[in-house]
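Residue strings, one per chain:
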Amino acid sequence: MKPSLSSVEEALSEIKSLIEKHHSFVLLEHQKPDGDCVGSGLALVQVLQSLGKQALLVSQDPHPAVYDFLPGSEFHTRAQYIDPEDFRAEVAVFIDCTDPERAGKGLDLARNSIWVNIDHHISNTGFGDVSLVLPDAAATGEIIYKLLIAAGVPITKEIATCLYVAIATDTGGFRYQNTTQETFEIAGALTGYGANPWEIAELIFETRTVSSVLLLGKALNTLKLSRGGKLATVSVTRDMMAQAGASPDETEGIIGYPRSISGVEVSLLFREMEDGSGFHVSFRSRSKVDVSKIAVKLGGGGHPRAAGALVKGTLEEASQKVLAILDELDIWTDS
């Protein structure tokens, strides 16, 4: 359900008040942080630091190396490196998390804190003492931008760059269906604050490591088409990553290739977990299928056109579980 204007304004006002009244903040990213999560988190932690607050950006998993150029990394650490007894924040801000558990091991740092939920996923559970969830926003970065404008916080070139990356990545370089007029307006404003669209596009979309290219080749060798050519699947195992010398974050972007095949409505990427316990399944769709509903049935979540879930078992077992749900929903008709 779309939040009312009054409820959005109230949430913005409440968050602004919390920032003014409190001194210590922990910003929690979701597991396997993506560009939107990383960019939004780095932008907000820099804002809080500039206001003289004690603020730390925390994630269970490392930031993908492609975002190493972003400013603010000195304020980021991983949950495993912090003893909750040594860092007790007054306010915990969950960034781009559909539910608290998405913060993984970072959740321990939010105990006994005021919870703020900032997100744009339609599957968000609405948790928190203050919830600012805007499903119509193309990225959480858009929401952080609105918060900064509402709070009257100066936006530096560094903050603008982080927010631009957040928005650009979650819209696929402004190509996905979630891109709106407001998305372009905000992106344009961020360039006015100093974000460099060409430089960011070059670093994010046009630069790849040799290992990621080798891994892409191995993944595309697993390509399978089914359901009348409307479903395309690829997979990445731990062995494939080892052979390519690639890290898990170098699988980002692979799913776009099967999705681009003419006639494909849904694409799936099965990526084996580091501990071998199962597979992270990424879902993408063109226009007809709400893949967030499929992901939710598997304990995950996301957007109508992009979602994900963790599925235990072997590749065959994980594939069977996912395909059973796809067939159960009868999504292959042309109605």
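Everything discussed here concerns the structure shown above.
Residues numbered from 1 in each chain as written. Predicted model: local features only at pLDDT ≥ 70, side-chain atom pairs only at ≥ 80, totals over all residues. Heavy atoms only, no water.

Chemist: Help me understand the pattern of salt bridges, please; the structure alone is not making it clear to me.
Modeler: Pairs may arise between side chains of opposite charge once their charged atoms sit close together. Under the definition given, this model contains 6 salt bridges. Between Asp108 and Arg111 there is a salt bridge, and its shortest N-O distance comes to 3.6 Å. Its relative accessible area of 42% is what places Asp108 among the partly exposed residues. The closest approach of N and O atoms between Arg238 and Glu272, which form a salt bridge, is 3.3 Å. Placement of the pair is Arg238 in helix 8 (residues 238-244) and Glu272 in strand 9 (residues 266-272), with a sequence separation of 34 residues. (Salt bridge = Lys/Arg side-chain N within 4 Å of Asp/Glu carboxyl O. Buried < 20%, exposed > 50% of the residue type's maximum accessible area, 1.4 Å probe, protein only. Helix = DSSP H or I, 4+ residues; strand = E, 2+ residues; numbered from the N terminus.)

Chemist: Would you explain the side chain of Ser285 in this entry?
Modeler: Checked against the element boundaries, Ser285 lands in strand 10 (residues 278-285). At 2.7 Å, the side chain of Ser285 and the backbone oxygen of Val289 are in polar contact. When residues no more than four places from it in sequence are discounted, the contact partners of Ser285 are Arg259, Glu265, Val266, Val291, Pro304 and Arg305. (Polar contact = N/O pair within 3.5 Å; in protein donor to acceptor, adjacent residues only side chain to side chain. Contact = heavy atoms within 4.5 Å.)

Chemist: So what exactly am I meant to see when it comes to the sheet that holds strand 6 (residues 130-133) here?
Modeler: Within a sheet, each strand pairs with its neighbour through backbone hydrogen bonds, oriented either parallel or antiparallel. Sheet architecture is open: 6 strands sit in the order 3-2-1-4-5-6, paired in parallel fashion. What marks the edges here is a single partner per strand, and that holds for strand 3 (76-78) and strand 6. The average undirected angle you get between the axes of adjacent strands in this sheet is 20 degrees. Bridge count for strand 5 (residues 114-119) against strand 6 is 4 bridges, and the pairing is parallel. Counted as the bridge partner of Asp119 is Val133 from strand 6. Its contacts with the sheet put helix 3 (residues 140-151) on strand 4 (91-95), strand 5 and strand 6, and the angle it makes with strand 5 is roughly 120 degrees. (Pairing = 2+ DSSP bridges. Axes fitted to C-alpha atoms, helices over the stretch in contact; angles between N-to-C directions.)

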